[in-house]
Amino acid sequence: MSDSEKVVPLTREKKHIIGHEGWMPLALALSIGTAGGFVFDWLRMPLAWMLGACVFSTIAAFAGLRIGMRIRLRQGMVIILGVLLGSGFTPELVHQLGKWAVSLCVLTGMTMTGATLSYFWFRRFTLWDKVTCYFAAMPGGLNDMTILGGAMGGQERAIALAHALRILTVVLTIPFWYRLMNGAQTSVLAMPHPVHNEWRDWAVLIACGVAGAALGRLLRLPAAFMMGPMLLSGAAHLAGLTASKPPGELVAAAQVVVGCGIGCRFVGSALDQLHREVGASIGAAVLLIACAVGFAEITHALTGLSLDATVLSYAPGGFAEMSLIGLALGVEVAMVATHHLFRLFLIILTGPFISRFVLTRGR
């Protein structure tokens, strides 16, 4: 079998590849994802380009088509999205910090509750061992939980499957819900973007992206290629250095790449062989969504924060995906991004230590 024909299993990504290796699988994935983006944009779905690419590439992966995604391409596009998200930070957000403190405390309780319920759910409905169930149950950190779980003896493929299906379920459920209930149908190509960016604006945006990515890697931040640029872009916009955003066409392309990256994680999977694990993982995702909605109602009652923004802040999706959904739906992007970063830090910092207590009981 030649290098171009090698398949990377769902949870055993090579350093720079998700799915099949080679330029042809990448071109096929991007073609399928772009077609999906056009279809979903025509249907006036929120976050159409990412959702369309995600759905179409996931179907292609389960159908056995040879698709693949290069990690470096995805990282480059994530940098663009980080700069875009940073543009949502405004001076008015300072007045919300007090309410956010309460919300972050509630989020901590929700994370612990959701993880506990998911852990027992996996123990009940799968044949996975305790280590695999524990790291699969964490509502965040796909790559980190897969690596940590594998290092502690868990099944990497099962852990990544659970997290990939969690993200896929959340990404598909919430935008569709807002489309059906609220009529949300924002297209990134129709979003207001300054059309007369001066060279200074472009210089600031590019500097935020390049320096932010380097800073994120240097500090070893979670989701470094998005978090670093987002923080620098947020600082630049708060300081009034620019009011510009990346153009809509570039953002749409970035969303297609991110969506294809989700779908390519299912390369090598077969529904007829994994139906029990797939069903359990989707069930756990639904359980986490229910927790998010319930705790969001509590936070809304305590603080008066927007219920839509709080639901998106608590939803157990990926940091990049949920932040983009917030942007597409017109909710407070800074709040959504801040809460997801907080949860990601919480899970990464506390998960390994708590696991030592949980996984040693009964031994």
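The structure presented is a predicted model; accordingly, all values stated were derived computationally and were not measured. (Residues numbered from 1 in each chain as written. Predicted model: local features only at pLDDT ≥ 70, side-chain atom pairs only at ≥ 80, totals over all residues. Heavy atoms only, no water.)

A. Seen up close, the packing of helix H2 (residues 48–62) against helix H10 (residues 248–264). The geometry of H2 relative to H10 is characterised by a closest axis approach of 7 Å and an angle of 30° between their N-to-C directions. When the interaxial angle is binned, H2 and H10 end up roughly parallel. In this structure, H2 crosses over H10, and the sense of that crossing is right-handed. Every residue of H10 that contacts H2 at Trp-49, Met-50, Ala-53, Cys-54, Ser-57, Thr-58 and Ala-61 is listed here: Ala-252, Gln-255, Val-256, Val-258, Gly-259, Cys-260, Ile-262 and Gly-263. (Axes fitted to C-alpha atoms, helices over the stretch in contact; angles between N-to-C directions. Helix = DSSP H or I, 4+ residues; strand = E, 2+ residues; numbered from the N terminus. Parallel < 35°, antiparallel > 145°, perpendicular 65-115°, else oblique. Left-handed = near helix turned anticlockwise from the far one by under 90°. Contact = heavy atoms within 4.5 Å.)

B. Representation of empty space enclosed by the protein within the structure. Within this structure, the stated rule accounts for two cavities of 30 Å³ or more. Roughly 50 Å³ of volume is contained in the second largest cavity. Taken together, the elements giving at least two residues each to the lining of the second largest cavity come down to helix H4 (97–125), helix H5 (130–137), helix H7 (156–182) and helix H11 (271–303). Sorting elements by how many residues they give to the lining of the second largest cavity places H11 first, with four residues. Split into classes, the residues belonging to the lining of the second largest cavity amount to seven nonpolar, two polar and one charged. (1 Å grid on protein atoms, 1.4 Å probe; cavity = no way out; pocket = protein on both sides within 12 Å on 5 of 7 lines; lining within 4 Å. Points joined across faces, edges and corners; volume = space filled by probe spheres on them. Nonpolar A, V, L, I, M, F, W, Y, C, P; charged D, E, K, R; others polar.)

C. Highlighting the confidence of the model for the chain. Residue-level pLDDT values for the chain average 81, and 84% of them are 70 or greater. Here residues 1–13 scores under 50 on pLDDT; set against residues more than four positions off or in separate chains, the count is 36 contacts. In the model, residues 189–195 has pLDDT below 50 throughout and makes 15 contacts with residues more than four positions away in sequence or in other chains. (pLDDT = per-residue confidence, 0-100.)

D. Seen up close, the layout of surface pockets. Its volume calculated, the second largest pocket comes out at about 310 Å³. Taken together, 14 residues form the lining of the second largest pocket, with Met-112, Ala-115, Thr-116, Met-138 and Ile-354 sitting closest to its centre. Among the residues forming the lining of the second largest pocket, the class breakdown is ten nonpolar, four polar and no charged.

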